[in-house]
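Each chain, letter by letter, is given below.
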Amino acid sequence: MYPKNAEYCVFDLDGVLADIVKGAQKYVDYMYGRHVPDTWIGHDLDAEELEEMLTNEEFFAFLPPIKNAPKALKTIEKLDYKIIIVTGRKIPIGPSVSWLIDRGIPFHDVVPMNKKDRVDLAKQINPLLFVEDNYETAKNVKEYCYKTLVLAHPWNDFKNPDITIIRDLMDLFPYIGVEVCQKG
Ligand SMILES: [Mg+2]
């Protein structure tokens with residue numbers, strides 16, 4: 001359980017903080033000498049290859065961070081909000097925690113959570129902010145959050161006036177009523 005009076009910002013890990021597409025491109029090139037498109041859609045990994053990649057701790061260890069992820073979360077920490085990071089990864093949580101620490105991404109908690117768990121979490125803590133790369137999840141948690149944002153990716157190209165897309169994590173601040181100087 002989380003304290004009731006805290007203000008929380010929830011971030012999904014893959015696709016919001018960790019660049020799983022760039023990581024997959026390197027991994028698939030190295031393992032199979034094949035190319036994964038930037039869109040991810042239309043990648044030619046079969047189910048077995050995909051499963052092998054997504055259960056491989058080494059794969060996740062080398063994912064590059066999404067642009068401005070450390071900067072944005074450090075800013076949120078400075079504002080005294082509590083950061084909860086959620087992940088659907090099917091590997092132990094330890095390597096994901098180390099990955100965040102090594103990249104200077106601050107957090108209060110990192111929790112394994114499927115899509116349904118995320119809705120339950122939002123219901124429980126009513127976060128100030130929930131950032132997803134999955135449109136369906138964003139839609140499902142939205143009513144329990146002050147603001148729900150979706151980080152732009154080719155796979156969540158949707159039109160819904162109720163869900164806001166941001167192109168850069170530093171663009172989230174106006175949505176929680178904070179002005180951040182982008183210079184320096
Ligand atoms: Mg994700």
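Rules used in this analysis
- Residues numbered from 1 in each chain as written.
- Predicted model: local features only at pLDDT ≥ 70, side-chain atom pairs only at ≥ 80, totals over all residues.
- Helix = DSSP H or I, 4+ residues; strand = E, 2+ residues; numbered from the N terminus.
- Rg over C-alpha atoms; globule rule 2.2 N^0.38 Å.
- Buried ≥ 20, exposed ≤ 12 C-beta atoms within 10 Å, placed from the backbone.
- Contact = placed C-beta atoms within 7 Å.
- Core = buried A, V, L, I, M, F, W, Y, C linked by C-beta atoms within 7 Å.
- Domains from an automatic or database assignment.
- Nonpolar A, V, L, I, M, F, W, Y, C, P; charged D, E, K, R; others polar.

Okay, the overall build of the chain next. Counting its regular elements, the chain contains 7 helices and 6 strands. Sequence-ordered secondary structure for the chain, helices as α and strands as β, is β-α-α-α-α-β-α-β-α-β-α-β-β. Computed over the C-alpha atoms, the radius of gyration of the chain is 16 Å, within 12% of the 16 Å expected from 2.2 N^0.38 for a compact globule of 184 residues. In terms of principal-axis extent, the alpha carbons of the chain reach across some 50 × 40 × 35 Å. Buried residues in the chain amount to 33% of all 184 residues. For the chain, restricting intrachain contacts to residue pairs at least 6 apart in sequence, the fraction spanning at least 24 positions comes to 59%.

Before going further, it helps to examine the nonpolar core. Cys9, Val10, Leu17, Ile83, Ile85 and Leu129 are the most contacted members of the largest nonpolar core, which has 47 residues in total. In this structure, Ile85 is in contact with Phe11, Leu13, Leu17, Leu100, Phe107 and Val110, ignoring residues within four places of it in sequence.

Positionally, Asn68 belongs in the loop between helix H3 (57-61) and helix H4 (69-78). Taking the C-beta count within 10 Å as the criterion, Asn68 has 15 such neighbours and is therefore assigned partly exposed. Leave out the neighbours within four places in its chain, and Asn68 touches Asp168, Leu169 and Met170.

Assigned domains of the chain: these are domain 1 (8-18 + 65-176) and domain 2 (20-61). For domain 1 versus domain 2, the separation of C-alpha centres amounts to 22 Å. At the junction of the two partners, domain 1 supplies 11 residues and domain 2 supplies 9 residues. Here the residues of the side of domain 1 that touches domain 2 sort into 6 nonpolar, 2 polar and 3 charged.

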